[in-house]
There are 2 protein chains.
Amino acid sequence: MEGMPFAATEYDQRVARVQARMATEGLDALVVTNPAHMNYLTGYDAWSFYQPQGVIVERTSSMPLWIGRPQDSNSARLTTRLDEEHILTYPEEWIELPAHHPAERFASCLAERGWGRGRIGIEADSYFTSPRFFLELRRRLPEAELADADRLVAWVRAVKSAAEIQYMRAAARIAEAAMTVALETIRPGVRECDAAAEIVRAQLRGTPEFGGDYPALFPLLLVGPRSSASHSAWTDAPFGDGQPVALELSGCRRRYTAALCRTMYLGAPTSDYRRLADVVGAAHAAALGAVRPGRTCEEVEAAWREALRGTGFEKESRLGYTIGLSYPPNWGERTASFRPGDTTVLEPNMTFHLLGGIWLGSFGYELSETIRVSEDGVESLTGFERRLFVRA
Amino acid sequence: MEGMPFAATEYDQRVARVQARMATEGLDALVVTNPAHMNYLTGYDAWSFYQPQGVIVERTSSMPLWIGRPQDSNSARLTTRLDEEHILTYPEEWIELPAHHPAERFASCLAERGWGRGRIGIEADSYFTSPRFFLELRRRLPEAELADADRLVAWVRAVKSAAEIQYMRAAARIAEAAMTVALETIRPGVRECDAAAEIVRAQLRGTPEFGGDYPALFPLLLVGPRSSASHSAWTDAPFGDGQPVALELSGCRRRYTAALCRTMYLGAPTSDYRRLADVVGAAHAAALGAVRPGRTCEEVEAAWREALRGTGFEKESRLGYTIGLSYPPNWGERTASFRPGDTTVLEPNMTFHLLGGIWLGSFGYELSETIRVSEDGVESLTGFERRLFVRA
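Residues numbered from 1 in each chain as written. Chains lettered and ligands numbered in written order. Predicted model: local features only at pLDDT ≥ 70, side-chain atom pairs only at ≥ 80, totals over all residues. Heavy atoms only, no water.

Draft legend 1. Summary view of the packing of helix H9 (residues 271–290) of chain B against helix H10 (residues 297–308) of chain B. Residues and elements named next belong to chain B. Two numbers describe how H9 lies on H10: the axes approach to 8 Å, and their chain directions differ by 150°. As judged from the angle between their axes, H9 and H10 are roughly antiparallel. Considering only the axes of H9 and H10, their crossing is right-handed. From H9, Val279, Val280, Ala283, His284, Ala286, Ala287 and Ala290 reach across to H10, where they touch Val300, Ala303, Trp304, Ala307 and Leu308. (Axes fitted to C-alpha atoms, helices over the stretch in contact; angles between N-to-C directions. Helix = DSSP H or I, 4+ residues; strand = E, 2+ residues; numbered from the N terminus. Parallel < 35°, antiparallel > 145°, perpendicular 65-115°, else oblique. Left-handed = near helix turned anticlockwise from the far one by under 90°. Contact = heavy atoms within 4.5 Å.)

Below you can see the structure in the form of structure tokens.
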């Protein structure tokens, strides 16, 4: 293993916390395919998630098992502290074959280790556990009970360690640098792709002290009518005059993400648009002010909703979500969200992307920070002037 | 819809070809979640695949149905020619809830349209059809038959149209520009992340005539010992002297990908390493020379294997795979591969990434081109000097 991002004891604690939840759920083993979860538990880091891979956590062992392609096993050796007995591979020729599936190796491993009649958790709503993977496990482990443990590891990740927060602070510095470049670069006549190029360059360069990792999402540059389409791609058309550009980007450091949204207006904003920006700014501030330990997620959202009341604007989608360690294609942790009905109680060192985005029929506006629930309130990890940026 | 990449007739032909395969498989409807397939059939383009979405192709209609989040429906309006009746949404509050899953909307749509007792194809090994998605469909459509049609659309995509080849040529120009920047930038003392930043900048800037889209994979810079770990991430350490750097990157134009691999050596290569480069170069040339219509994929691989015989080197993994329209996290089409046992017969306008990569215990070497099977042989879409690049 190379220099791992965390001390060995921190990985041990993570595995122990997962095992404690497994005990509550009555699980003998847990098949983890989410690459963020694999990294969290072992340090494993490679762009190998496009082929089947995973780690298995057993209730009886503090060392997970890694299973993947032979050609990726060196990444397991380089980035984890797993010993050779815990690095397993499936035959390279099983890749993308109708006749075999790498899940067979997971099944045989589970059977060999005595879990053929056990209760086995799977991440049933992960990008990297397919129906085929699930059905192979079920077919080859007919006496095992497969249970959905989709967010088990995600919930263990909810409260960050001091070391994790440090990486998120570093990621926030990168996000701010990238946003600065975005605001400097975007102007009428510049091609959208050229602005995206400068933004991503800044994301990867990071700072003189630390570099950037690849972000979980490419930056979103939502221009003009596309500011109403929240995940649209850039084009190679030049920016025009008299249009908003909503920017959603991130910094990534040792796979920890800080996300940041701001909106520019090229030319003089309409009074309606200025009003939208003012309303969102005030409501975002109200929500931020409502964050503190002991509050629930829905109470934070209620503060935003209350601030919007009577303005004519409303937000259908949630106001934010947990964020931390991430891989493409998603930087959210898929646990707590700021929305009605989410009664998750905030604890210190939970981290969220608090995103006040409103998308209307023909335009949108976004303002966000990546925040930490502090001991007595909130700390904004990202720090950037909170306003509409007008480029006249 | 904005300027779509292809004529309406081309989309109609694609849907018709999918319907012809559906007829062969006895499918009434097909639930497509692979974003490359969604784009292929409708033009839909957004980074929204991190939440459940899909298109449904019915045997009775030439217009697919799009189902996704409300906030992404404007992307469907902007990037497809689907009418309002074919753009459906699920409630925003179903996102990431244990109690509901967006697959419910797919099930209700299929039932409403009369397929509750039909035979319905799903992409059972796609990143974006989860076991939960599959189980919800099965639970809510108890009288339907769910069939695995994982690669149905992928096989329809295998032979490219003239317009698709044009986008791949453009992507190849971008890949070459990015490789040129990589070779100019990488040297001892430069941080890996800073080199990655310049490479990705070149990928997005594209050319003065056309810009680049986000690539399906970030570039891989496999340095020193990590050149033996085929998908490892860059770090912020400076490149050292006396080590290989394997480069795997791409250009992307209207989501069409051309991939390109070359290897550098910083300092004077060892004679063993030079020999590896020579052997791979000759074997790659042998494989390239074996490509022509009527040959099978395994025959191409056999030419490579024959060239390696007696050299002491061998390649466990496949020599290449189909490539074209792609989204993160994978640029492969997951159909034909150059490997023993693959008897797919080559046809004009099939496109492959022919990747002669050998990863040994402690180092590796990569050389590739993105190729088109031509009318009487092969055309390399990417064009870049095929050799080991030494930076003394």
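Back to the write-up after that little detour.
Draft legend 2. Summary view of the relation of the copies chain B and chain A. Superposing chain B onto chain A takes a rotation of 180° plus a shift of 0.0 Å along the axis, which leaves an RMSD of 0.0 Å. Taken together, the rotation angle and the small translation identify this as a two-fold axis. (Least-squares fit on C-alpha atoms with pLDDT ≥ 70 in both.)

Draft legend 3. Focus on the sheet that holds strand E5 (residues 119–122) of chain A. Residue and element names in this part refer to chain A. The mixed open sheet is built from 6 strands, whose spatial order is E4-E3-E2-E1-E5-E6. The outermost strands of the open sheet, each flanked by one partner alone, are strand E4 (87–89) and strand E6 (145–148). Neighbour to neighbour, the strand axes of the sheet diverge by 25° on average, direction disregarded. Note: E5 against E6, 4 bridges, orientation parallel. Across the sheet, Arg119 pairs through a bridge with Glu145, a residue of E6. (Pairing = 2+ DSSP bridges.)

Draft legend 4. A look at the interface of chain B and chain A. At the junction of the two partners, chain B supplies 80 residues and chain A supplies 79 residues. The junction of chain B with chain A conceals about 6,700 Å² of combined surface from both sides, 53% of it contributed by carbon and sulfur atoms. The interface formed by chain B and chain A contains 12 salt bridges. A salt bridge links Arg205 of chain B to Asp194 of chain A; the shortest N-O distance between them is 3.9 Å. On the surface where chain B and chain A come into contact, there are 44 residue pairs in polar contact (both at pLDDT 80 or more). At the level of secondary structure, the elements contributing two or more residues to the side of chain B that touches chain A comprise helix H3 (73–79), helix H5 (131–140), helix H8 (192–205) and strand E11 (330–337) of chain B. Examining the composition of the side of chain B that touches chain A, we find that 9 residues originate from one element, H8 of chain B, more than from any other. Looking at side-chain class alone, the side of chain B that touches chain A contains 34 nonpolar, 20 polar and 26 charged residues. (Buried area = accessible area lost by both parts, 1.4 Å probe. Salt bridge = Lys/Arg side-chain N within 4 Å of Asp/Glu carboxyl O. Polar contact = N/O pair within 3.5 Å; in protein donor to acceptor, adjacent residues only side chain to side chain. Nonpolar A, V, L, I, M, F, W, Y, C, P; charged D, E, K, R; others polar.)

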